[in-house]
Amino acid sequence: MCGITGYVGARPGVRTVIDMLRRLEYRGYDSAGVAVAGLAAGSDRGDLEIVKAAGKLAVLEGQLQDHWEMQGTAIAHTRWATHGGPTTPNAHPHYSCDKRIALIHNGIIENFQELKEQLGAAGHAFTSDTDTEVMVHLVEEAYKATGCMETAVRKALCQVRGAYSIAVVSTHEPDTLYAAKTASPLILGLGNDENFLASDIPALMRYTKRVLVLEDGDFAVLNRQGVRVSTRDGEPVMREPFLVTWDEQTAERGGYPHFMLKEIHEQPRALADTLRGRIREDGRVVLPELEAFTAARLAAFTRISIVACGTAYHAGVVAKKFFESVLRRPAEVTVASEFRYGDPLVGPDTLCVVVSQSGETADTLAALREARRLGATIVSMVNVVGSSIARESDAVIYTQAGPEICVASTKAYVTQVMALYLLGLHLAASEQRLSADELRAYAQGLTALPDAVEAVVAQALSVEDLAARLADKSTFFYLGRGYDYAVSLEAALKLKEISYLHAEAYAAGEMKHGPLALVEKGVVVVCFATQPALFEKMLSNLREVSARDGLVVAVVPEGERRADAAADYVLRIPAVLPCFAPIVAVVPMQLLAYLVARARGCEIDQPRNLAKSVTVE
Ligand code: AGP
């Protein structure tokens, strides 16, 4: 996730914004840059300088020796690539054509392509592949027409669609910073005769503890004397500053005790970002990444083979079901380590869908190469731009989870599932397998998911009692049918990896073929019953467990009461389209795993024996 910092005041601007940026490194990034408007120490240069570099901050710092003591209003940025690879030209800030305006951005501009064409026709030259660069040219164009930076930035914002937090500095008004926010975070830090801005509070804490959190649609003007906040249209708004009382480490985690909890809370935003710009008004899915594949080519893939490891594999299990239901043809999902040595039935007629958060998992990469050797076409779902799997794929659909720091995957999983649904719907629409009404219903169902997840996250406290009751248990089963079985796999993995408790997932109907023998008093059995068509069947499974004194936790849609009598504990989740329930049903299980692990005193963000990116076999 990109990091933004900005400073206006008497301190050396470059040094200050880079120091602040260092405190945002935890967000992950692949390149960095800085812009300063003002005077170099001992010189009367009044220009706007940008220095940027691919790689870590140290690389940029190596190029800043002459700039270190420069005074002047400054902005800086760490980039987590979304549009365009992690290269120096794609790093922020971006210049206007006349090099008098510089802009940094966190977010995604959905309509950048059409704006780029319009600006190109008006004579603007672009130097990067980013979506961001259009914004600085829009500001420049509006400044030419109005001669006022504030109006120019406002006008530019009115033309873009998408998510952004931005900061702008210029030689037209070198003592002023302009900033705005919609969807991506932006915080102002209030000082004495100086002011700051940043994507997150840790960047500000060394300089000031008085902060003000901008809300969606806010527009801010910062100079040494103060800050002024208004709506994008100029209506003044009041945002109450408050004093930050966290220590720096807590601030890095946004005030959460662990990255895992922070990342669980980020899921509504991550889902919204993965969906952003993907659904047309008529319900059709927009996947420009697959533009090169004609409908005839897509329809010619008689086999769909999904490969992945761990949590990403579980996302694939959901996708297999969904693909088969909307495409009415077989889809396979295989653990990558089995695929690579499994003499897979793959050929030129195969669409191989590779799923990976890191894009570097050794087994998954090897499976991809094996599929390619056999002639398959590779479409990958990856969270890290420019990673090995992304580079070696024919097309990449990036999940927009942002950097995931906790080893146990949460937000990456839900965004993988979301991206896979989008792919399934795109294929189904291109093969004309769904009516216009069906497409619209699916689209509405997807659009409802961020709020549904938000509702579950907001009720985190309701899982606390249950977690306290389960923390001393030693055997857990997770049962489900259909989509609920797919969620069971992921729910069990979450508990295993961070609480070190033995958890098994089973297709519910399999219990009586063996595992039921293990159920006795003290054994915890989580039963997912989110699928109306299978509810009665799950109810029978739940009663079987209850009759053997197992402790039953039922996960059901809101309004469903039929499990209440047989379950010891009922967790209710918002009712969504049954095929999309995995994204919602997994969330209370992530919270449960987290709270059980916490109650047991486990190391949550870095569980024993595990690594975030498994780059060895
Ligand atoms: C899940 O919590 C784990 N971190 C692990 O199973 C992970 O999903 C797996 O190693 C695959 O990683 P990838 O998505 O980066 O390829």
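**Observations concerning the packing of aromatic side chains**
In step 1: Applying the stated criterion across every chain, the model contains nine aromatic pairs.
In step 2: Between Lys56 and the ring centre of Tyr29, over which it is positioned, the NZ or CZ distance is 4.1 Å.
In step 3: Of note, Arg154 hangs over the ring of Phe219, and the distance from its end group to the ring centre comes to 4.0 Å.

**Remarks on the site of the ligand**
In step 1: Taken together, the neighbourhood of the ligand is formed by 14 residues, with Ser356, Gln357, Ser358, Thr361 and Glu497 sitting nearest.
In step 2: Note that a nitrogen atom of the ligand is positioned 2.7 Å from one of the backbone N or O atoms of Val407.
In step 3: Coverage of the ligand by the protein amounts to 91% of the 410 Å² it exposes when considered alone.
In step 4: If you list the elements that add at least two residues to the shell around the ligand, you get α10 (310-327) and α18 (483-499).
In step 5: Looking at the shell around the ligand, its residues break down into five nonpolar, seven polar and two charged.
In step 6: When residues of the shell around the ligand are assigned to domains, at least three map to each of domain 2 (261-447) and domain 3 (454-599).

**Points about helix α19 (residues 535-547)**
In step 1: The end-to-end C-alpha distance of α19, which contains 13 residues, comes to 18 Å, matching closely the 18 Å that a straight helix rising 1.5 Å per residue would cover.
In step 2: Where the residues of α19 are buried, they touch β20 (475-480), β22 (524-528) and β23 (551-557).
In step 3: Downstream of α19 by one or two residues, Asp549 has phi in the positive range, about 70°.

**Some words on the domain arrangement of the protein**
One widely used convention gives an interface's size as the accessible area the parts lose upon coming together.
In step 1: Per the domain assignment, the segments of the protein are domain 1 (3-105 + 165-252), domain 2 (261-447) and domain 3 (454-599).
In step 2: Domain 1 and domain 2 are separated by 35 Å when their C-alpha centres are compared.
In step 3: Listed per partner, the contact involves 11 residues of domain 1 and 11 residues of domain 2.
In step 4: Carbon and sulfur atoms make up 65% of the surface buried where domain 1 meets domain 2, a total of about 760 Å² over both sides.

**A word on the environment of Asp349**
In step 1: Position of Asp349 relative to the elements: it lies in the loop between α11 (336-341) and β17 (350-356).
In step 2: Take Asp349: its relative accessible area is 30%, and that puts it in the partly exposed class.
In step 3: Sequence-wise, Asp349 and Leu327 are 22 residues apart; in three dimensions their C-alpha atoms are separated by 16 Å.
In step 4: Each residue touching Asp349, except ones within four places of it in the same chain, is listed here: Ala300, Phe301, Thr302 and Arg303.
In step 5: In terms of polar contacts, Asp349 uses its side chain to reach the side chain of Thr302, at 2.8 Å.

Rules used in this analysis
Residues numbered from 1 in each chain as written. Predicted model: local features only at pLDDT ≥ 70, side-chain atom pairs only at ≥ 80, totals over all residues. Heavy atoms only, no water. Phe/Tyr/Trp six-rings, centres within 6.5 Å; stacked < 30°, edge-to-face > 60°. Lys NZ or Arg CZ within 6 Å of the ring centre and 35° of its normal. Near = heavy atom within 4 Å. Polar contact = N/O pair within 3.5 Å; in protein donor to acceptor, adjacent residues only side chain to side chain. Areas by Shrake-Rupley, 256 points an atom, 1.4 Å probe, with all protein chains shown as cover. Helix = DSSP H or I, 4+ residues; strand = E, 2+ residues; numbered from the N terminus. Nonpolar A, V, L, I, M, F, W, Y, C, P; charged D, E, K, R; others polar. Domains from an automatic or database assignment. Expected span 1.5 Å × (residues − 1). Contact = heavy atoms within 4.5 Å. Buried area = accessible area lost by both parts, 1.4 Å probe. Buried < 20%, exposed > 50% of the residue type's maximum accessible area, 1.4 Å probe, protein only.

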